[in-house]
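Each chain, written out:
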Amino acid sequence: TDVVFLDAGSTTLELAKLIREGGKRELTVITNAFNIAGELLDEWDINIFFVGGMVRHNVLACVGKSAESYLREFYPNKAFIGTNGFSAEKGVTTHNPTEAQIKIEVLNAAEERILLCDSSKYGKYAMGRVAPLSKFTKIISDTNLSENDQREIEATGTNLIMAKY
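Residues numbered from 1 in each chain as written. Predicted model: local features only at pLDDT ≥ 70, side-chain atom pairs only at ≥ 80, totals over all residues. Heavy atoms only, no water.

**Concerning the nonpolar core**
Link 1 in the chain: Counting residues in each nonpolar core, the largest one holds 27 residues, and the members touching the most others are F5, I81, F86, L115, I139 and I153.
Link 2 in the chain: Mapped onto this core, the elements with two or more residues apiece are α3 (65-71), β6 (78-81), α4 (97-109) and β10 (128-131).
Link 3 in the chain: Among residues more than four places away in sequence, those in contact with F5 are I30, T31, N32, L71, P76, K78, A79, F80, I81, I102 and V106. (Core = buried A, V, L, I, M, F, W, Y, C linked by side-chain atoms within 4.5 Å. Buried < 20%, exposed > 50% of the residue type's maximum accessible area, 1.4 Å probe, protein only. Helix = DSSP H or I, 4+ residues; strand = E, 2+ residues; numbered from the N terminus. Contact = heavy atoms within 4.5 Å.)

**Observations concerning the sheet that holds strand β12 (residues 159-163)**
Link 1 in the chain: In space, the 7 strands of this open sheet follow the order β3-β2-β1-β6-β9-β11-β12, with parallel pairing throughout. The open sheet has two edge strands with one neighbour each: β3 (46-50) and β12. Between one strand axis and the next, the sheet turns by 20° as a mean value, whatever way the strands run.
Link 2 in the chain: One ladder, built from 3 bridges, connects strand β9 (residues 112-116) with strand β11 (residues 138-142); its direction is parallel. Its bridge partner being in β11, L115 is matched across the sheet by I139. (Pairing = 2+ DSSP bridges. Axes fitted to C-alpha atoms, helices over the stretch in contact; angles between N-to-C directions.)

**A closer look at helix α1 (residues 10-21)**
Link 1 in the chain: For α1, with 12 residues, the first-to-last C-alpha span of 17 Å sits near the 16 Å given by 1.5 Å per residue.
Link 2 in the chain: Of all the positions in α1, only T12, L13, L15, A16 and I19 are classed as buried. One side of α1 carries all its buried residues, which in axial view fall inside an arc of 155°. Opposite its buried face, α1 presents the exposed residues S10, L18 and E21, each directed more than 90 degrees away.
Link 3 in the chain: Packing partners of the buried residues in α1 comprise β1 (2-6), β2 (27-31), α2 (34-40), β3, β6 and β9.
Link 4 in the chain: Looking one or two places after α1, you find G23, whose phi comes out positive at around 90°. (Expected span 1.5 Å × (residues − 1). Arc of directions from axis to C-beta.)

**Quick word on a nonpolar patch on the surface**
Link 1 in the chain: Together, F34, V55 and L60 make up an exposed nonpolar region whose accessible area comes to about 230 Å².
Link 2 in the chain: Along the chain, L60 falls in the loop between β4 (54-56) and β5 (61-63). (Patch = residues over 30% accessible without salt bridge, like charges linked within 9 Å, V, L, I, M, F, W, Y side chains within 5 Å. Areas by Shrake-Rupley, 256 points an atom, 1.4 Å probe, with all protein chains shown as cover. Salt bridge = Lys/Arg side-chain N within 4 Å of Asp/Glu carboxyl O.)

**Quick notes on the sheet that holds β10**
Link 1 in the chain: Reading across from one edge, β7-β8-β10 is the order of the 3 strands in this open sheet, with antiparallel pairing throughout. Two strands in the sheet have a free side with no partner beyond their single neighbour: β7 (85-87) and β10. The sheet shows a mean angle of 25° between the axes of neighbouring strands, taken without regard to direction.
Link 2 in the chain: Bridge analysis of strand β8 (residues 91-94) against β10 gives 3 bridges, and the strand direction is antiparallel. From the neighbouring strand, T94 faces β10, where its bridge partner is G128.
Link 3 in the chain: Its contacts with the sheet place α4 against β8 and β10, and it is angled at close to 10° to β10.

**Quick word on α4**
Link 1 in the chain: The end-to-end C-alpha distance of α4, which contains 13 residues, comes to 19 Å, matching closely the 18 Å that a straight helix rising 1.5 Å per residue would cover.
Link 2 in the chain: Burial in α4 covers these residues: E99, A100, I102, K103, E105, V106, L107 and A109.

**Side note on the pairing of β1**
Link 1 in the chain: Where β1 and β2 come together, 5 bridges link them in parallel fashion. Bridge pairing links F5 to I30 in β2.
Link 2 in the chain: By the bridge criterion, 3 bridges tie β1 to β6 in an arrangement that is parallel. For V4, the partnering residue across the bridge sits in β6 and is K78.

**Focus: the pattern of salt bridges**
Link 1 in the chain: Throughout the structure, instances matching the rule amount to 12 salt bridges.
Link 2 in the chain: With a shortest N-O distance of 3.4 Å, D2 and K78 are connected by a salt bridge. Residue D2 is located in strand β1, and its partner K78 is located in strand β6; the two are separated by 76 residues in the primary sequence.
Link 3 in the chain: Accessibility expressed as a relative area gives 33% for D2, which makes it partly exposed.
Link 4 in the chain: Taking the relative accessible area as the measure of exposure, K78 reaches 22% and is therefore partly exposed.
Link 5 in the chain: Here D7 and K103 are joined by a salt bridge, their closest N and O atoms 2.3 Å apart.

As structure tokens, then:
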């Protein structure tokens, strides 16, 4: 059984929808996002561990010390992380330092670390530093990354996968 962490965010929510539509499977999902947990609640073959904590209303997710502490109980096979901005130079960032800490906690525990992000976020950054791109096993983005952006990302040693949507 795979154990995956689904981070809060619009791209990770789309992944949760794909998981739900994918049919029967045995899967354990850890998430701190209300909308992602809600998306998967009716799927009886998915075990859901919800990470509680201080609620960040604008991202529909829990953060803070209690959330970080709870996450230390898990070693997910895969972590799917969202972002507000990413670049080869500044790495992965988010708008809120407490959200960054959740992502860091998961990245330190996960076997496979996957950044899910659309190309519009490349070259942008926010104040909360998460990790350099090299910390990620894979980056999955859309096909709108320029050839130069692709080269910059691949130069970090991270496997870039571009998906059509």
